[in-house]
Amino acid sequence: MLFDLTQDLRLKIFQHTIERLDDYYQNTNSRKVSPKLDVDEILSTIKKETFTVKKTPNEAVNHVIDALEKYSVHTPHPDYFGLFNPRANFSGILADLITSVYNPQLAAWSHAPFAVEVENHLVQELGKKFGLKKGEIDGVFTTGGAEANLTAILCALNETFPDFANEGFIGQTQKPIIYCSKESHHSVVKAARTVGLGKYAVRTISVNNHLQMDPKQLIDKINEDQHKGNHPFLLIATAGTTGTGAIDNLFELQKTAKNYDLWFHVDAAYGGAAILSPNSRHMLNGIEHADSITFDAHKWMSVPMGTSIFLTSSKEILAKTFRVTTEYMPKEANELEIVDPFTHSIQWSRRFAGLKLYLSLIIFGWEGYEEVIEHQLKMGHLLRELLSENGWEIMNDSFLPIICFTDKELRKDSQFVKWICSKVIESGEAWISSYPINGSNTIRACITNYATEEYHIRNLVQLLGQKRKEFVHKEI
Ligand SMILES: *Cc1c(COP(=O)(O)O)cnc(C)c1O
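Residues numbered from 1 in each chain as written. Predicted model: local features only at pLDDT ≥ 70, side-chain atom pairs only at ≥ 80, totals over all residues. Heavy atoms only, no water.

Asker: Whenever I open this one, unusual backbone geometry confuses me. Can you help?
Answerer: Peptide bonds are trans in most cases, and residues, glycine excluded, mostly fall at negative phi. A positive phi angle, near 65°, is found at leucine 211, a position not held by glycine. Checked against the element boundaries, leucine 211 lands in the loop between β3 (202–205) and α9 (215–228). Judged by relative accessible area, which is 5%, leucine 211 ranks as buried. Its identity as a non-glycine residue notwithstanding, asparagine 438 has a phi of 50°, on the positive side. Note that asparagine 438 resides in the loop between β10 (433–437) and β11 (440–446). (Helix = DSSP H or I, 4+ residues; strand = E, 2+ residues; numbered from the N terminus. Buried < 20%, exposed > 50% of the residue type's maximum accessible area, 1.4 Å probe, protein only.)

Next comes the structure, spelled out in structure tokens:
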């Protein structure tokens, strides 16, 4: 069969591919973290392929792997101190391979009962970890935090406006309003646009010195909206902001949500994993009162991308929001207590994303994750300490391994942070980013890789010191 090739050839290609992939996996360290970008070169590499001249499978595999080697920021690299892109753990990679071969269809329970129930089990176990009430937990795997946040807005609308599923916004006389902090993720605004609410329905509340949502201003804004005849319906707290790792005061905010009858959603896309270690769990106090939670397994839980979870403590809300009946889908088995996932999610045909987490957990256990999370917290504390010792000024106080810093003196030069970041990235020895705090730019380094060890941290601090020196000499 054309697309299958022969077994003999397949095994050879598998072997070849695995050797190349494992070379990358084993020796990620030896690569420069980021490439020199030449857009024309990249485009011409791709556009040369017009699909009229064929390559052998091995040539094709080499073409793709060579290009990924050359034209990617190597996020699996232990010197990548960037955004929340982890090195994918090996069991997650295996899971993706297995999923691709069996290609289970997770729209209908009867097509993939094992896969669906594995995800249900993970939803229950994670819900329990977050302290949601047993018996009330429900949830669904999503492609990412953005989809999970979108799901949250839809659920909150359907909870607040009883016939929202049929009438949509046309049936509403009051304007529904969402509250989140200025530091919350921009996927909230995007989701508000996607559902048709628009950006002006999102109130971005100021933050305090710790970059957490200001609970007083929140209450003022809610009162103001009620006074104007708007309908406040959703409060989104962030547990681990993308910029600085700030965790909103969840306990305080859930009280406000209750007082004003708002759906309380916690965007814990990144920081949610703090629940997995006894040393950091307390940071998320109050999350157990959430109506819903966004949690990205493809961040701190280090499984390949496309693995996020929407959790809720409202058993019926997903069905209320997404359920439609069709004639052509396989029927739910009547006598069994089962739910077809397509009646619970934005997606219809759906990949078995949960296997990446399931396989990782049955091989390494919660214990493995606890170890890995504690290690990264430790690396974060070490980086904080070393930077202070070396005369850097730390600008955020997160418990999570995200450190924003600058130089007391040189920060007066508005080009300083940008210059340091670009020189570090150019060197290929590390990848860092920048983030503005209270209007001035800072250097941002985040430990996001379980393979980042003490010597990587020391090298980063040394590299930063060297670049700072070059900056000073450049000035003279
Ligand atoms: C990363 C992130 C998101 C978006 O998640 P994706 O998985 O990239 O879709 C949302 N909220 C927060 C706080 C995040 O850190």
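Alright, that's what it looks like, and here's the rest.
Asker: What am I meant to see in α9 here?
Answerer: Since the α-helix advances by 3.6 residues per turn, residues separated by three or four positions end up pointing in the same direction. Given a rise of 1.5 Å per residue, 14 residues ought to cover 20 Å, and the 20 Å separating the end C-alpha atoms of α9 matches this to within 8%. Listed as buried for α9 are Leu218, Ile222 and Asp225. Burial along α9 is one-sided: seen end-on, the buried residues are contained in an arc of 65°. Facing away from the buried side of α9 by more than 90 degrees, the exposed set consists of Lys216, His227 and Lys228. (Expected span 1.5 Å × (residues − 1). Arc of directions from axis to C-beta.)

Asker: Got a minute to help me understand the side chain of aspartate 225 in this structure?
Answerer: Mapping aspartate 225 onto the fold places it in helix α9. Setting aside residues up to four positions removed in sequence, aspartate 225 forms contacts with Ile177, Tyr179, Arg203, Asn230 and Pro232. (Contact = heavy atoms within 4.5 Å.)

Asker: Sorry, what's going on with the site of the ligand here?
Answerer: Within the structure, the ligand sits among 14 residues, and Gly145, Asp267, Asp296, His298 and Lys299 are positioned closest to it. Here an oxygen atom of the ligand sits 2.8 Å away from a polar atom, N or O, in the main chain of glycine 145. For the ligand, an oxygen atom lies 2.8 Å from a polar atom in the side chain of histidine 298. Considering each element in turn, the shell around the ligand owes the most residues, 3 residues, to helix α6 (residues 145–160). (Near = heavy atom within 4 Å. Polar contact = N/O pair within 3.5 Å; in protein donor to acceptor, adjacent residues only side chain to side chain.)

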